[in-house]
Amino acid sequence: MKQPELGKRLADLRQQKNLTQEELVEACNVSVRTIQRIESGEVTPRTSTVKILLSALDADFESFKSTIEVTRSDDYLQSTESWLQAAWISGIVYFVLGFLDAVLEYERFENLYEVDSIGFFIASKLGYFISYALFVCGLIKLGDYFSNYLLKIAGFIMIGLFGIITFFDIFSIFYPISETNLLTLGAGESICVGAVGIVFGVGLMRLQDGMGQLAKMAGITEIIAGFFFAIVILFLLGYLMLIPATIIEIILLFKGLEFIKSERLKN
């Protein structure tokens, strides 16, 4: 069901029944924060949540559904499904390449930032970035479906930031950077990744109403990882936290794919 019309209609219906949001909470056991976000158009709830609210408001779901635009076009759902399919697979590729990237960075550090094979290094870096970009694009598509603009914006910033980091990694093998500048850039990179990661985590948590507790778990792990990166000296802990975060997000994308498939069947 589309927002913001859905939220407006639910709010109008509640007010017609002379109920406050708190009184509706008591009647349906849905949190007041969830009701506030639905009515404001901030999130798109699951059909089951809408049915619970309508039951508490003594309203018929089918009648309510006929008063608003309830379906997205099949082309939109098909496009979203394709993106999510590519995204969760890319997430697995990104996860595996992450270990290779860690090995390459360690060897480069040990060799004073010289690499044995420039071609292999560049190819691995580009593959790592492309898989990451496709992976995050899937989460952005989920954000688009559930009208989660914070997740969309943070996702695009994350991709752009990762692209800049990748560019500097490749640039540094042709034009060596002094150790002092390298440490400064590394600290700045860690702070930026941490700050954006925290916002990205908050965006993931806002998927909770549509995607359940898995989205909350993904958001929490991203926020913790972002916090460690922002501290700079704890960046290694940030990398470790990205392992469970990535795994949860891959599962979240797969779950999102199944959800979109079910929505297409309803159409």
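Residues numbered from 1 in each chain as written. Predicted model: local features only at pLDDT ≥ 70, side-chain atom pairs only at ≥ 80, totals over all residues. Heavy atoms only, no water.

Asker: How should the overall build of the protein chain be read in this particular structure?
Answerer: Looking only at helices and strands, the protein chain has 12 helices and 0 strands in total. Helices and strands appear in the protein chain in the N-to-C order α-α-α-α-α-α-α-α-α-α-α-α. Looking at the 267 residues of the protein chain, the share that counts as buried comes to 44%. In the protein chain, the share of contacts with a sequence separation of at least 24, taken over all contacts with a separation of at least 6, comes to 75%. Carbon and sulfur atoms make up 65% of the accessible area of the protein chain, which amounts to about 13700 Å² in all. Seen as two clouds, the 21 positive and the 29 negative side-chain charges of the protein chain have centres 9 Å apart. (Helix = DSSP H or I, 4+ residues; strand = E, 2+ residues; numbered from the N terminus. Buried < 20%, exposed > 50% of the residue type's maximum accessible area, 1.4 Å probe, protein only. Contact = heavy atoms within 4.5 Å. Areas by Shrake-Rupley, 256 points an atom, 1.4 Å probe, with all protein chains shown as cover. Lys, Arg positive; Asp, Glu negative; His and termini not counted. Charge placed at Lys NZ, Arg CZ, Asp CG, Glu CD.)

Asker: It is not clear to me how the packing of helix α7 (residues 118-145) against helix α8 (residues 149-174) should be interpreted in this structure. Could you clarify?
Answerer: The description of two packed helices rests on the angle between their axes and on the distance between the axes. The interhelical angle for the contact between α7 and α8, taken along N-to-C directions, is 175 degrees, at an axis separation of 9 Å. Accordingly, the angle class assigned to the pair α7 and α8 is roughly antiparallel. (Axes fitted to C-alpha atoms, helices over the stretch in contact; angles between N-to-C directions. Parallel < 35°, antiparallel > 145°, perpendicular 65-115°, else oblique.)

Asker: Is there a simple way to think about unusual backbone geometry in this case?
Answerer: Of all residues except glycine, most have a negative phi; of all peptide bonds, most are trans. The residue asparagine 18 is not glycine, and still its phi comes out positive at about 60 degrees. For asparagine 18, the position within the fold is in the loop between α1 (5-16) and α2 (21-28). Positioned with a positive phi, valine 232 is a non-glycine residue whose angle comes to about 75 degrees. The residue valine 232 is located in the loop between α11 (213-231) and α12 (235-266) in this model.

Asker: What am I meant to see in the packing of α2 against helix α4 (residues 47-56) here?
Answerer: Between α2 and α4, whose axes approach to 9 Å, the crossing angle comes to 105 degrees. With respect to their mutual orientation, α2 and α4 come out roughly perpendicular. Seen from α2, the contacting residues are Leu24, Ala27 and Cys28; seen from α4, they are Ile52, Leu53 and Ala56. Classifying every residue of the contact of α2 with α4 by side-chain character gives 6 nonpolar, no polar and no charged. (Nonpolar A, V, L, I, M, F, W, Y, C, P; charged D, E, K, R; others polar.)

Asker: Just to check I follow, could you spell out the side chain of aspartate 169 for this structure?
Answerer: Mapped onto the fold, aspartate 169 is located in helix α8. Looking at aspartate 169, the relative accessible area reads 15%, which means it is buried. At 2.9 Å, the side chain of aspartate 169 forms a polar contact with the side chain of lysine 125. What aspartate 169 contacts, discounting residues up to four positions off in sequence, is Glu105, Arg108, Phe121 and Lys125. (Polar contact = N/O pair within 3.5 Å; in protein donor to acceptor, adjacent residues only side chain to side chain.)

Asker: What exactly am I supposed to notice about the nonpolar core here?
Answerer: Within soluble globular proteins, side chains that are nonpolar generally end up buried alongside one another. One finds Phe200, Leu204, Leu207 and Leu252 to be the most contacted residues of the largest nonpolar core, which totals 44 residues. The leading source of residues in this core is α7, at 10 residues. Ignoring anything within four residues of it in the chain, the contact list for leucine 252 reads Leu139, Leu142, Leu204, Leu207, Met211, Leu214 and Ala215. Of all hydrophobic cores here, the second largest spans 15 residues; its members include Leu24, Ile38, Leu54 and Phe61. (Core = buried A, V, L, I, M, F, W, Y, C linked by side-chain atoms within 4.5 Å.)

Asker: I tried to follow a nonpolar patch on the surface on my own but got confused; where do I start?
Answerer: Among the surface-exposed residues, Ile118, Ile164, Phe167, Phe168, Phe171, Phe174 and Tyr175 lie close enough to one another that they form a single nonpolar patch of about 710 Å² accessible area. It is α8 that contributes the most residues to the nonpolar patch, 5 residues altogether. Along the chain, the position of phenylalanine 167 falls in helix α8. (Patch = residues over 30% accessible without salt bridge, like charges linked within 9 Å, V, L, I, M, F, W, Y side chains within 5 Å. Salt bridge = Lys/Arg side-chain N within 4 Å of Asp/Glu carboxyl O.)

Asker: How should α11 be read in this particular structure?
Answerer: Residues lying three or four places apart along an α-helix face the same way, a consequence of the helix completing one turn every 3.6 residues. Over its 19 residues, α11 runs 27 Å from end to end, which matches the ideal 27 Å to within 8%, given 1.5 Å per residue. Of all the residues in α11, the buried ones are Leu214, Ala215, Ala218, Gly219, Thr221, Glu222, Ala225, Gly226, Phe228 and Phe229. Once α11 ends, the next one or two residues include valine 232, with phi positive near 75 degrees. (Expected span 1.5 Å × (residues − 1).)

Asker: Would you mind going over the confidence of the model for the protein chain with me for this structure?
Answerer: It should be kept in mind that the predicted coordinates are not to be read in detail where pLDDT is low. Taken as a whole, the protein chain shows an average pLDDT of 87; of its residues, 91% reach a score of 70 or greater. Confidence, expressed as mean pLDDT per element, reaches its minimum in the protein chain at helix α5 (residues 61-65) with 72 and its maximum at α11 with 95. (pLDDT = per-residue confidence, 0-100.)

Asker: Sorry, what's going on with α1 here?
Answerer: The end-to-end C-alpha separation of α1 is 16 Å, in line with the 16 Å expected for 12 residues at 1.5 Å each. Within the span of α1, buried status applies to Leu6, Gly7, Arg9, Leu10, Ala11, Leu13 and Arg14. One or two positions beyond α1, positive phi appears at asparagine 18, with a value near 60 degrees.

Asker: Explain the pattern of salt bridges to me, please; I cannot follow it from the model alone.
Answerer: Pairing of side chains with opposite charge becomes possible as their charged atoms draw close. Under the definition given, this model contains 9 salt bridges. In this structure, lysine 8 engages aspartate 12 in a salt bridge whose closest nitrogen and oxygen atoms are separated by 3.3 Å. Of this pair, lysine 8 and aspartate 12 both sit in helix α1, 4 residues apart, roughly one helical turn. Looking at aspartate 12, the relative accessible area reads 25%, which means it is partly exposed. When the shortest N-O distance is used, the salt bridge between lysine 125 and aspartate 101 registers 2.8 Å. Highlighted residues: lysine 125 in helix α7 and aspartate 101 in helix α6 (residues 74-110), separated in sequence by 24 residues. Its relative accessible area of 12% is what places aspartate 101 among the buried residues.

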